[in-house]
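What follows is the residue order along each chain.
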Amino acid sequence: MNALAAPRRLLLLNPNTSVSMTALVAGHVRAELGAGATVDAVTARLGAAYIASEAACAIAGHAALDAWAAYRARGTRPDAVLLACFGDPGLFALRELCDCPVTGLAEAAFLQATRQSARGRFGVVTGGTAWGPMLVRLAQGLGFAGALAGVHTVAPSGAQLAADPASALPLLAQACRDAARALDVDCVILGGAGLAGLAARIQHEVPVPLIDSVSAGAQEALRLTQEAAPGALSATPSGEGPAWWGLSPELAGWLTGR
């Protein structure tokens, strides 16, 4: 990665409330982008410590918008936003509100997988059984329904896997081998913020290329920043629209243009 070409300022937005998860992902993103990038890492102020259900994912979308508004209220404008959850909660709403390019770990990994797959087919391995149908729906919404051959989940959540990598590595390696064989794919995404860096550690045990969703997210944020024309996005609301109740002052202010 060319550090000089990296975004001047990347906002890494973690939509769950785990500060340790934010630090884990931020460390990997900084290493990926190099010293030429400033990475501002922000943790959600509300919601679940780890997103492992439909309800937690829905609340995380609100948390992502709230975290964005609180960050912008400080007067800082990033060159790109990376939503640090393999599930991209709030992605479309953030794109509506943000005045810079936005991507998420899942979208970025899907894009990288289709670009490097000869047949345009890929599989996903991730932690937490609830994520299976959730990721299938996300792939459909992002336009990857035909490319995603299937999702293999392991029972431990990403947070549990991150907390015990010695046990996680053989479990994930087997899941990736199973996915590669059963799904007949050219590559497998090892998806999850908590799984950052693990793909490289098990690649030698898997017969197809593995994609690290955090690495893919950093690279896609870089690409978006390079392609975006300066000042091309101006998403600050005009002040017109519905009244809002019960939101943080920062989010209410951002939504109403105050």
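Okay, the environment of Ala 37 next. Along the chain, Ala 37 turns up in the loop between α1 (19–33) and β2 (38–43). Residue Ala 37 is classed as buried on the basis of its relative accessible area, which comes to 15%.

On to the sheet that holds β2, then. Pairing is parallel across the open sheet formed by four strands, whose spatial order is β2-β1-β3-β4. Across the chains shown, the open sheet's two edge strands, defined by having one partner strand only, are β2 and β4 (102–104). With strand direction ignored, the average angle separating the axes of adjacent strands in the sheet is 20°. Here strand β3 (residues 80–83) runs beside β4; their pairing, made up of three bridges, is parallel.

Right, let's talk about the sheet that holds strand β5 (residues 122–127) for a bit. What the four strands build is an open sheet, ordered β6-β5-β7-β8; its pairing is parallel. In the strand order of this sheet, the two ends are held by β6 (148–154) and β8 (210–212), each with one partner. Across the sheet, the mean angle separating the axes of adjacent strands is 25° when strand polarity is ignored. Across five bridges, β5 lies against strand β7 (residues 187–191) in parallel orientation. Within β7, the residue paired with Val 124 across the bridge is Ile 189. Contacting β5 and β6, helix α5 (residues 131–142) runs over the sheet at an angle of about 155° to β6. Sheet strands in contact with helix α9 (residues 213–227) are β7 and β8, and its direction is about 65° off that of β8.

Reading the values: rules and limits
By convention here, each chain's residues receive numbers from 1 onward along its written sequence. Reporting of local features is limited, given that this is a predicted model, to residues whose pLDDT is at least 70; pairs of side-chain atoms are given and counted only at 80 or more, and all residues count toward the totals for whole chains, interfaces and linings. Neither water nor hydrogens contribute to the side-chain values; these are computed over all heavy atoms in the structure. A run of H or I in DSSP becomes a helix once it reaches four residues, and a run of E becomes a strand once it reaches two; helices and strands are each numbered from the N terminus. When accessible area is computed with a 1.4 Å probe and restricted to protein chains, residues below 20% of their type maximum are described as buried, those above 50% as exposed, and intermediate ones as partly exposed. Following DSSP output, two strands are said to pair if at least two bridges run between them. Fitted lines through C-alpha atoms serve as axes, helices being fitted only where they are in contact, and the angles separating the N-to-C directions of these axes extend from 0 to 180 degrees. By definition, residues are in contact when any of their heavy atoms lie within 4.5 Å.

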